[in-house]
Amino acid sequence: MVVQPYFIEIEEGGIFMDLSGVKALLKDRFDLKMQDERHYIEAFTHSSYVNENQKLSLEDNERIEFLGDAVLELVVSNYLYRHYPEMDEGRMSSLRALIVREESLAKRCVECGFDQFVRLGNGEEASNGRKRPSLLCDLFESVLGAIYLDLGLDAIEHLMSLTIYPKIKNGEFTRLSDAKTALQEELQKDGAIQLTYELERESGPAHSKEFHVAVRLSDEIIGRGVGHSKKAAEQAAAANALTMLKK
């Protein structure tokens, strides 16, 4: 059952949003106590709702999603760096790309229950936007942005320890596929495609060479990567392309 928050315009020209459901969700499921409601009003307000209710002068969640995306990249990168000392840069980039890809974050959003509370315009709701992966992915990052602004990085780490970190530990992302396969699958959603990986140059001494690889979709370079083997560089290039596609 979807429990949408509602907005009321108050006399001073501000906006009140009933966040009781969001507050209960954060407290009961994640032991997080909301302090500043303003960030969550922004996080749970989709642009379609803003466009249909311009008199309310609301901010949509695109700016706070931008912040949440950066926070997510930071904490996942930090986690991989600290817990997988045997991983080189290429492998970490590949794994991170799988963790933060649209499909993965959309699933996390639903698992957390955030999808119940996002405020959508009537058109977006009617077109089943509440189940659209790109919307859910952006929503998850928006909520991360709100939690970061409200409660800080420790709260983000706590949420991640309950949602994403356990899935990294149990190998869920490494079992899915590698970055090259993930990129192929992502692009094939719109039909057959042809990807090619090209070695652009080599650098460094013979005992520690670095390979620089570009991945092309038809004639367009969509990602670049560096690794100590051609295979690692190709994985890094695919991970870079996945990241760019997400943005």
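Residues numbered from 1 in each chain as written. Predicted model: local features only at pLDDT ≥ 70, side-chain atom pairs only at ≥ 80, totals over all residues. Heavy atoms only, no water.

### Focus: the overall build of the protein chain
What counts, and what does not: We count a stretch as a helix when DSSP gives it H or I for four or more residues in a row; a strand needs E for two or more, and each element gets its number in order from the N terminus. For this analysis, residues touch if any pair of their heavy atoms sits within 4.5 Å. Using a 1.4 Å probe, the Shrake-Rupley method yields the accessible areas, and only the shown protein chains count as cover for residues. A residue counts as positive if it is Lys or Arg and as negative if it is Asp or Glu; His and the chain ends are not included. For the purpose of locating charges, the reference atoms are NZ of Lys, CZ of Arg, CG of Asp and CD of Glu.
The helix and strand tally for the protein chain stands at 13 helices and 5 strands. Structurally, the protein chain occupies a C-alpha span of about 70 × 35 × 30 Å along its principal axes. Taking contacts inside the protein chain between residues at least 6 apart in sequence as the whole, the part at least 24 apart equals 57%. Just so you have it, the protein chain exposes about 12,900 Å², and 49% of that area is on carbon and sulfur atoms. The averaged location of the 42 negative side-chain charges in the protein chain is 5 Å from the averaged location of its 30 positive side-chain charges.

### Regarding the nonpolar core
For clarity, the cut-off: Side-chain atoms within 4.5 Å are what join buried Ala, Val, Leu, Ile, Met, Phe, Trp, Tyr and Cys residues into a set we call a nonpolar core. The rule is simple: take the accessible area with a 1.4 Å probe, protein chains only, and divide by the maximum for that residue type; under 20% is buried, over 50% is exposed, in between is partly exposed. What counts as a domain boundary in this text is fixed by an automatic or database domain assignment.
Judged by nonpolar contacts, the single largest core of 71 residues is most densely connected at Phe-44 and Phe-114. Tallying contributions element by element places helix H8 (residues 133-151) first for this core, with 9 residues. Counting only domains with at least three residues in this core, you end up with domain 1 (19-176) and domain 2 (179-246). Each residue touching Phe-44, except ones within four places of it in the same chain, is listed here: Met-17, Val-22, Phe-114, Phe-117, Val-118, Arg-119, Leu-139 and Val-143.

### Observations concerning the pairing of strand E3 (residues 195-203)
Remark: a regular strand shows side chains that alternate across the two faces of the sheet. Let me state the cut-off plainly: Two strands are said to pair when DSSP picks up at least two bridges between them.
Across 8 bridges, E3 lies against strand E4 (residues 210-217) in antiparallel orientation. Each bridged residue has a counterpart across the sheet, and for Leu-195 the counterpart in E4 is Leu-217. Connecting E3 to the next strand, E4, in antiparallel fashion are 6 residues, including Gly-204 with a positive phi near 90 degrees.

### Comments concerning the UniProt feature "active site" (unreviewed entry) in the protein chain
Keep this limit in mind: UniProt positions are given in the numbering used here, feature names are shortened, and annotations may be inferred rather than shown by experiment.
The positions UniProt marks with the feature "active site" (unreviewed entry) are Asp-69 and Glu-141. A compact arrangement is adopted by the annotated residues: their sequence extent is 73 residues, whereas the largest C-alpha distance between any two is 5.4 Å. On the secondary structure map, Asp-69 appears in helix H4 (residues 62-83).

### Examining the side chain of Thr-163
By secondary structure assignment, the location of Thr-163 is in helix H9 (residues 153-163). Look at Thr-163 and you get buried, because its relative accessible area is 8%. If near-sequence neighbours (up to four positions away) are discounted, Thr-163 is found in contact with Phe-30, Arg-108 and Cys-112.

### Quick word on the pairing of strand E5 (residues 220-227)
Inspection of the sheet shows E4 paired to E5 by 7 bridges, in the antiparallel sense. When the bridges of E5 are listed, Val-215 appears paired with Gly-223. Taking the residues between adjacent antiparallel strands as the criterion, E4 and E5 are bridged by 2 residues, where Ser-218 takes a positive phi near 60 degrees.

### Description of the sheet that holds E5
Under the convention used in this document: Only the stretch in contact is used when fitting a helix axis, every axis being a line fitted to C-alpha atoms; angles between N-to-C directions are given from 0 to 180 degrees.
Reading across from one edge, E3-E4-E5 is the order of the 3 strands in this open sheet, with antiparallel pairing throughout. Of all strands in the sheet, those with a lone pairing partner are E3 and E5, marking the two edges. Going across the sheet, the axis of each strand differs from the next one's by a mean of 25 degrees, ignoring polarity. Here helix H12 (residues 179-187) sits on the sheet in contact with E3, E4 and E5, set at roughly 140 degrees to E3.

### Looking at the UniProt feature "binding site: Mg(2+)" (unreviewed entry) in the protein chain
Mapped onto this numbering, the UniProt entry annotates "binding site: Mg(2+)" (unreviewed entry) at Glu-65, Asp-138 and Glu-141. Over a stretch of 77 residues, the named residues converge on one spot in the fold, their C-alpha atoms separated by at most 6.0 Å. The residue Glu-65 is located in helix H4 in this model. Sequence-distant contacts of Glu-65, that is, excluding residues within four places in its chain, are made with Asp-138, Glu-141 and Ser-142. For Glu-141, the position within the fold is in helix H8.

### A closer look at unusual backbone geometry
Backbone geometry places Asp-31, a non-glycine residue, at a positive phi of 55 degrees. Summarising the element assignment, Asp-31 is placed in the loop between helix H1 (20-30) and helix H2 (37-43). The exposure class of Asp-31 is exposed, given its relative accessible area of 55%.

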